[in-house]
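Now for the letters of each chain:
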Amino acid sequence: MSNQTIDIGPLRPLDARSVVLSTLLGTDPPRMPVARLVRAGEIFGLRPGTVRTALTRMVQRGELRVDEQRRYRLDGALLDRQVRQSASVHASTLDWDGRWRVGVVTASTRDALDRRRLRGALTALRFAEQREGVWTRPDNLASGAPAAVAIADNQCYWYDAHPMGDDAELAAALWDLEEWATQATRLRRAMAALAGRLEAGDQPALADGFVLSAAVLRHLQADPLLPRELLPRTWPGASMRREYADFDAGYRESLAIWFRME
């Protein structure tokens, strides 16, 4: 069976923490016994002790907790991350009436941590920074993750606005839509290439599928989810989501077979 290279650009390597995190983020509800997480680590040649050490450290950092059935589950900010990930996959938007939402930073005394938290929160809420201290986006999304909203509300004052110029030109200036679409095309081709290997039972494809799924989910979270009126005519967002749903179903089936082989 072919073990072709997946051309999806640079990928971050998956260490034990990344494997645990990606496994739980892709599980609903996000909980799993240690034996199953150790088995997931074996896809990447990770030793059981390495995975168990990562689990212990993640519990100590408040990223995971152990429930009554001794299953590890996401906790803290990682639960918010799963909410954002789910929202990215389902891409729920509201009808757009032409208004934009504008947040102006008003907090007078902010340390570096506050600034990082605000930037992370507003990015997670899919706002773009038009200039320092001014963040905006079309008002076509429901309220995001409560933790991100609370951080943004604590440091910003909010306005509704109607730009005087062309809305589509403003959107194109705030987000690199061409680059997002180009990378989406690479990822879609990679999913199509890998799906056949998974269906054929190519075991090495499990590791590629794990990494590819993580890359697709990161990319979907970078989709600004703009109103269709502001998107290029050939925008690939909807097609990518449909194809990912099919790919993910096939990958989960292959992964289930791997777990049953333990």
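Up top you'll find the structure we're talking about.
Residues numbered from 1 in each chain as written. Predicted model: local features only at pLDDT ≥ 70, side-chain atom pairs only at ≥ 80, totals over all residues. Heavy atoms only, no water.

(A) Just the overall build of the protein chain, in detail. Within the protein chain, the secondary structure is distributed over ten helices and seven strands. Its C-alpha atoms give the protein chain a radius of gyration of 20 Å, within 12% of the compact-globule value 18 Å for 262 residues. Considering only contacts within the protein chain whose residues lie at least 6 apart along the sequence, 77% involve residues at least 24 apart. Accessible surface for the protein chain amounts to roughly 14400 Å². Of this, 49% is attributable to carbon and sulfur atoms. (Helix = DSSP H or I, 4+ residues; strand = E, 2+ residues; numbered from the N terminus. Rg over C-alpha atoms; globule rule 2.2 N^0.38 Å. Contact = heavy atoms within 4.5 Å. Areas by Shrake-Rupley, 256 points an atom, 1.4 Å probe, with all protein chains shown as cover.)

(B) Helix H5 (residues 112-124), seen in detail. Taking 1.5 Å per residue, 13 residues should reach 18 Å; H5 reaches 18 Å between its end C-alpha atoms and fits that length. Residues Leu118, Ala121, Leu122 and Ala124 constitute the buried set of H5. The buried residues of H5 occupy one face: seen down the axis, they fall within an arc of 155°. As for H5, its buried residues are in contact with helix H4 (77-90), strand E4 (100-105), strand E6 (134-138), helix H6 (146-155) and strand E7 (156-161). (Expected span 1.5 Å × (residues − 1). Buried < 20%, exposed > 50% of the residue type's maximum accessible area, 1.4 Å probe, protein only. Arc of directions from axis to C-beta.)

(C) Looking closely at the environment of Leu170. Mapped onto the elements, Leu170 comes out in helix H7 (residues 167-174). Taking the relative accessible area as the measure of exposure, Leu170 reaches 18% and is therefore buried. Separated by 16 residues in the primary sequence, Leu170 and Arg186 have C-alpha atoms spaced 26 Å apart. Sequence-distant contacts of Leu170, defined by excluding residues within four places in its chain, comprise Trp100, Gln130 and Pro163.

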